[in-house]
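Below, each chain spelled out in residue letters.
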Amino acid sequence: MTRTAMLSFLFWQLIILSANPYLTDAAGGGWQLLQKCIGVSAMHMQLLNNDRVVIFDRTDFGASNLSLPNGKCRNDPNDQALKVDCTAHSAEYNVATNTFRALFVQTDTWCSSGAVMPNGTLIQTGGSNDGDQNVRIFKPCPRCDWIEMSNALAARRWYATNHILPNGRIIIIGGRRQFNYEFYPKSNDAPNAYSLPFLVQTNDPNIENNLYPFVFLNVDGNLFIFANNRAILLDYANNIVVKTYPQIPGGDPRSYPSTGSAVLLPLMNLEAQSVEAEVLVCGGAPNGSYTKATKGNFVSALNTCARIKITDRSPQWVMETMPTPRVMGDMTLLPNGNVLIINGAANGSAGWESARNPVLNPVIYRPNNALGSRFRVTKPDYHTPNVPIPRQSYFEMVEYSLAVAILKAATYSLMCFTQQN
Ligand SMILES: *[C@@H]1O[C@H](CO)[C@@H](O)[C@H](O)[C@H]1NC(C)=O
Ligand SMILES: *[C@@H]1O[C@H](CO)[C@@H](O)[C@H](O)[C@H]1NC(C)=O
Ligand SMILES: *[C@@H]1O[C@H](CO)[C@@H](O)[C@H](O)[C@H]1NC(C)=O
Ligand SMILES: *[C@@H]1O[C@H](CO)[C@@H](O)[C@H](O)[C@H]1NC(C)=O
């Protein structure tokens, strides 16, 4: 059996198991083109429990390349690009049948955030423009579509991070100019938003470098929240910071627009009396990269990873060096416990056309190998057919998307990367 791991964005994971006759021969893995054009850029994607993937982009950037069905159109006087838009900005990809259908998203999901509820429903929150305080629900069912709830959030949430909690609610943390968090669904007896000074402290003036914080649930029930170059452990129920972690050595920022990526490594010792948990943060861009990129200077991205045992009494970051620098990379856990590091660029920064030099080689990180022998470079695919290049600059479109797009400047194509064991 072959394990096929599809690409994913920050907090979206998507794993398929399939016997695959179309593999390329690249050692350690290969690329397969699934769909030459799905018409919607996969800025965001989420695998659901019915083996379908919800893909969406943004609504305020003009027409997509996928029509809405049955002559439907979106009439949105608030839209900044197209007030009557008969194209889709979201699609559902069916892994089993390799088919896709258009979905109807009503408001702007640009740089929104989401989490899956225990019952399998995707709760997507915020975004930009007319969508920044909305909640959108997508249930996994064959014909379901987006359901929107206007102004269901306490605050605007653009570049926020969501996480599912043990009580089945989701927490929504930060976002541009939001130094607070809130929960969804709301409970009646609680304030709508809770202040989080950590997001003020980690906000670099005029650059931010603390958006889309990396958030993981620790084994003690508290939330590990990383922004910029450091992290806290938050007792979110009582709004108390219970631990402050040291800065990553070097002090370089790892959060948007200096976008690196992070994973909670697989928990290895579940039988132990005190279970240990480790977080890995990789790549990003040195402080000032975004400003330099706007002036045409695309400095090298960071090539370091930092790993920390978040359950330790006095936790310390351990540094490692990746085979290549990478900004806007994505990391996802593979079924065998390894980490796939994929996407991104070797120069510049996240944000508007600010990156150069796409990194075509995904890297496998083997957490249990000895320090110094954990990274393995996989080969890019040379067999990809030519795909139409859309008008927009692809770097900005794929900022948080599939490796796919970066691979051949093909924002609308869907590919999967397969690791052979
Ligand atoms: C998608 O692109 C193709 C090729 O450019 C074009 O023929 C088609 O009309 C486009 N469809 C939509 C809905 O934009
Ligand atoms: C799952 O829970 C959400 C939030 O409570 C609810 O809106 C949704 O209808 C539920 N989904 C299913 C499939 O029951
Ligand atoms: C990044 O640079 C800005 C401007 O020079 C500075 O204010 C900020 O403290 C720096 N951030 C870090 C994390 O060093
Ligand atoms: C990327 O950064 C390296 C190291 O600073 C530099 O030599 C190279 O010219 C840069 N590439 C681009 C496309 O700017």
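Residues numbered from 1 in each chain as written. Chains lettered and ligands numbered in written order. Predicted model: local features only at pLDDT ≥ 70, side-chain atom pairs only at ≥ 80, totals over all residues.

As annotated in an unreviewed UniProt entry, the chain carries the name Glyoxal oxidase N-terminal domain-containing protein and comes from Morella rubra.

**Student:** Looking at this model, I keep getting lost on the nonpolar core. Mind explaining?
**Tutor:** The tendency in soluble globular proteins is for nonpolar side chains to be buried side by side. Ranked by internal contacts, the top residues of the largest apolar core, which has 66 residues, are Phe224, Ile225, Phe226, Ala262, Leu280, Val281 and Ile341. With 5 residues, the single largest contributor to this core is strand E19 (residues 223-227). Once residues lying within four places of it in the same chain are set aside, the contact partners of Ile341 are Cys282, Arg326, Gly329, Met331, Pro362, Val363 and Tyr365. Ala42, Ile55, Val95 and Phe138 belong to the second largest nonpolar core, which has 20 residues in total. (Core = buried A, V, L, I, M, F, W, Y, C linked by C-beta atoms within 7 Å. Buried ≥ 20, exposed ≤ 12 C-beta atoms within 10 Å, placed from the backbone. Helix = DSSP H or I, 4+ residues; strand = E, 2+ residues; numbered from the N terminus. Contact = placed C-beta atoms within 7 Å.)

**Student:** Explanation requested: unusual backbone geometry in the structure shown.
**Tutor:** The bulk of non-glycine residues show a negative phi, and the bulk of peptide bonds are trans. The amide bond that connects Tyr184 to the next residue, Pro185, takes the cis arrangement and shows omega of -5 degrees. Within the fold, Pro185 resides in the loop between strand E16 (180-184) and strand E17 (194-195). The residue after Tyr256, namely Pro257, is reached through a cis peptide bond having omega 0 degrees. Secondary-structure assignment places Pro257 in the loop between strand E21 (240-244) and strand E22 (261-264). Residue Asn151 is not a glycine yet carries a positive backbone phi of 50 degrees. By C-beta crowding, Asn151 is classed as exposed, having 9 other C-beta atoms within 10 Å. In this structure, Asn228 is a non-glycine residue whose phi angle is positive, near 65 degrees.

**Student:** What is the right way to read the sheet that holds strand E18 (residues 214-217) from this model?
**Tutor:** Strand order in the open sheet formed by 4 strands is E18-E19-E20-E21, with antiparallel pairing between adjacent strands. On the outer flanks of this sheet lie E18 and E21, each paired with one strand and no other. Going across the sheet, the axis of each strand differs from the next one's by a mean of 25 degrees, ignoring polarity. (Pairing = 2+ DSSP bridges. Axes fitted to C-alpha atoms, helices over the stretch in contact; angles between N-to-C directions.)

**Student:** Would you explain the pairing of strand E23 (residues 278-282) in this entry?
**Tutor:** It is a general feature of regular strands that their side chains alternate between the two faces of the sheet. For E23, a buried count of 5 out of 5 residues is recorded, marking the element as mostly surrounded by other parts of the structure. Side chains Glu278, Leu280 and Cys282 of E23 all project onto a buried face; the interleaved residues Val279 and Val281 project onto the opposite face, where all are buried too. When E23 meets strand E24 (residues 304-309), the two strands line up antiparallel, connected through 5 bridges. In the sheet register, Cys282 faces E24, and the bridge partner there is Cys305.

**Student:** Help me understand the sheet that holds strand E26 (residues 330-333), please; the structure alone is not making it clear to me.
**Tutor:** Sheets are built from strands that pair by backbone hydrogen bonding, the pairs being arranged parallel or antiparallel. Strand order in the open sheet formed by 4 strands is E26-E27-E30-E31, with antiparallel pairing between adjacent strands. A strand with exactly one partner marks an edge of an open sheet, and here the two such strands are E26 and strand E31 (375-377). Recorded for the sheet is a direction-independent mean angle of 25 degrees between the axes of neighbouring strands. Relative to strand E30 (residues 363-365), strand E27 (residues 339-342) runs antiparallel, the two being bridged by 3 bridges. Each bridged residue has a counterpart across the sheet, and for Ile341 the counterpart in E30 is Val363.

**Student:** Honestly, the environment of Pro257 in this entry has me stumped. Any pointers?
**Tutor:** On the basis of neighbour counts, which here come to 27 C-beta atoms within 10 Å, the residue Pro257 falls in the buried class. Separated by 92 residues in the primary sequence, Pro257 and Ser349 have C-alpha atoms spaced 6.2 Å apart. Apart from residues no more than four positions distant in its own chain, Pro257 is found in contact with Glu208, Asn209, Tyr290, Ser349, Ala350 and Gly351.

**Student:** Any chance you could explain the pairing of strand E5 (residues 52-56) here in plain terms?
**Tutor:** With 5 of 5 residues buried, E5 lies mostly within the body of the structure. Side chains Arg52, Val54 and Phe56 of E5 all project onto a buried face; the interleaved residues Val53 and Ile55 project onto the opposite face, where all are buried too. Pairing geometry for strand E4 (residues 44-47) and E5, over 4 bridges, is antiparallel. Bridge pairing in E5 places Met45 opposite Ile55. Here E4 hands over to E5 after 4 residues, with Asp51 in that stretch at a positive phi of 60 degrees. Relative to strand E8 (residues 90-94), E5 runs antiparallel, the two sharing 5 bridges. Across the sheet, residue Val54 finds its bridge partner in E8, namely Glu92.

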